[in-house]
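Commentary on secondary and tertiary structure
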Amino acid sequence: MAGRVLVIEDDGNIAELLRLYLEKEGFTVQIATDGAAGVLEAAQFEPNLVILDIMLPILDGWGVCRELRRSSKVPIIMLTAKGETFDKVTGLELGADDYIVKPFEPKELIARVHAVLRRYGENPEALERRLSFDKLTINLDSYELLVDGQKVDTPPKELELLYHLAASPNRVYTRNQLLDEVWGFDYFGDSRTVDVHVKRLREKLEGVSDQWSLKTVWGVGYKFELSESGE
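Predicted model, so just to flag it, every value in this text is computed and none were measured.

What counts as what
- Residues numbered from 1 in each chain as written.
- Predicted model: local features only at pLDDT ≥ 70, side-chain atom pairs only at ≥ 80, totals over all residues.
- Heavy atoms only, no water.
- Helix = DSSP H or I, 4+ residues; strand = E, 2+ residues; numbered from the N terminus.
- Buried < 20%, exposed > 50% of the residue type's maximum accessible area, 1.4 Å probe, protein only.
- Contact = heavy atoms within 4.5 Å.
- Areas by Shrake-Rupley, 256 points an atom, 1.4 Å probe, with all protein chains shown as cover.
- Phe/Tyr/Trp six-rings, centres within 6.5 Å; stacked < 30°, edge-to-face > 60°.
- Arc of directions from axis to C-beta.
- Polar contact = N/O pair within 3.5 Å; in protein donor to acceptor, adjacent residues only side chain to side chain.
- Pairing = 2+ DSSP bridges.
- pLDDT = per-residue confidence, 0-100.
- Core = buried A, V, L, I, M, F, W, Y, C linked by side-chain atoms within 4.5 Å.

Points about the overall build of the chain
A count of helices and strands for the chain gives eight helices and 12 strands. For the chain, the proportion of its 231 residues judged to be buried stands at 47%. Summarising the internal contacts of the chain: among those between residues at least 6 apart in sequence, 55% fall at separations of at least 24. As displayed, the chain offers around 12,100 Å² of accessible surface, 48% of which is attributable to carbon and sulfur atoms.

Overview of the packing of aromatic side chains
Taken as a whole and judged by the stated rule, the model has two aromatic pairs. Judged by centre distance (4.8 Å) and plane angle (45°), the rings of F133 and F224 are tilted. Of this pair, F133 sits in strand β6 (residues 130-133) while F224 sits in strand β12 (residues 221-226), and the two are 91 residues apart along the sequence. Across the pair, F224 and F133 agree in class, each one buried.

A few points about helix α2 (residues 35-45)
All of the buried residues along α2 are G35, G38, E41, A42 and F45. In a view along the axis of α2, the buried residues occupy a sector of 110°, so they form one face of it. Pointing more than 90 degrees away from the buried face of α2 are the exposed residues L40, A43 and Q44. Where α2 is buried, its residues contact β1 (3-8), β2 (27-32) and α3 (61-71). Where α2 starts, the residue carrying a side-chain oxygen 3.0 Å from the main-chain nitrogen of A36 turns out to be D34. The first or second residue beyond α2 is E46, which carries a positive phi of 50°.

Remarks on unusual backbone geometry
A cis geometry characterises the amide bond from K102 onward to P103, with omega recorded as -5°. Position of P103 relative to the elements: it lies in the loop between β5 (98-101) and α5 (106-119). Located in the positive-phi region is E46, a residue other than glycine, with phi close to 50°. Among the secondary structure elements, E46 is positioned in the loop between α2 and β3 (49-53).

Describing the pairing of strand β7 (residues 136-139)
Residues of β7 alternate between two faces, with L136 and I138 on one and T137 and N139 on the opposite face, all of them buried. Where β6 and β7 come together, four bridges link them in antiparallel fashion. Bridging from a neighbouring strand, L131 pairs with I138 of β7. Joining the antiparallel neighbours β6 and β7 is a turn of two residues, in which K135 adopts a positive phi near 60°. Hairpin connection, β7 to strand β8 (residues 144-147): the antiparallel pair is bridged by four residues, and Y143 has positive phi, about 50°.

Thoughts on the side chain of H164
Looking at the element boundaries, H164 is found in helix α6 (residues 156-167). Residue H164 is classed as buried on the basis of its relative accessible area, which comes to 3%. A distance of 2.6 Å separates a polar atom in the side chain of H164 from a polar atom in the side chain of E181.

Describing the confidence of the model for the chain
Close reading of the predicted structure is inappropriate where its pLDDT is low. Here the chain shows a mean pLDDT of 85. Residues at 70 or above account for 89%. pLDDT under 50 marks residues 122-127. Its contacts with residues more than four places away, or in other chains, come to 10 contacts.

Quick notes on the nonpolar core
Grouped together as the largest cluster of nonpolar side chains are 30 residues, with contacts concentrated most on F133, L136, I138 and F224. Elements with a minimum of two residues in this core: β6, β7, β8, α6, α7 (175-183), α8 (192-205), β11 (212-217) and β12. A per-element tally of this core places α6 first, with seven residues. Ignoring sequence-local partners within four residues, the contact set of I138 consists of R129, R130, L131, F133, E144, L145, L159, L162, Y163 and A166. Within the second largest apolar cluster, 20 residues are counted, among which are V7, I77, L79 and L117.

In structure tokens, the structure reads:
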């Protein structure tokens, strides 16, 4: 089981869309449709992550975030329809870990879920950080890369980059996105750093399997591509 996500969202269509995508990723999902119910559900469900809308009946997202932070360090991603700087800053000041503006691409939100949970990787309640494909296992819990059953020495950032790409197969990431999400928002290095790491990974993975590959999308960035037989 991947982990537990609590969605606190009063728009039924959005809530069900999130449930669909999260369950496809292997998460167990619980939905609360107002803020007060969300606080109670968080205590009972003990989620690994909360996706929290700001505009909620009974108790708004700010209030829910305050209540959750009184007793829990559970990661929180806030949803806002406004996209205003005030909303973003307020959410982060109250203890939210990330935010995303509606309307959003579900795949982008899923990527943010993985990124936030990865930052909580040392928490024993966090997700098991292990991905397996044909002749390839990427394990961030033990920081091991297994290629065709053999352990391959891989520097931490290379492994984290490969894991991040492979966690969302066939999704294209720009270099700047990878710098933000793998190296961190406080990283001010050259985007060519990503190119160097991808080159080194390719040297380790070249020709291992025809079911997956590290692909360059020219003019955009990189993706971990699964063939139809590997999906």
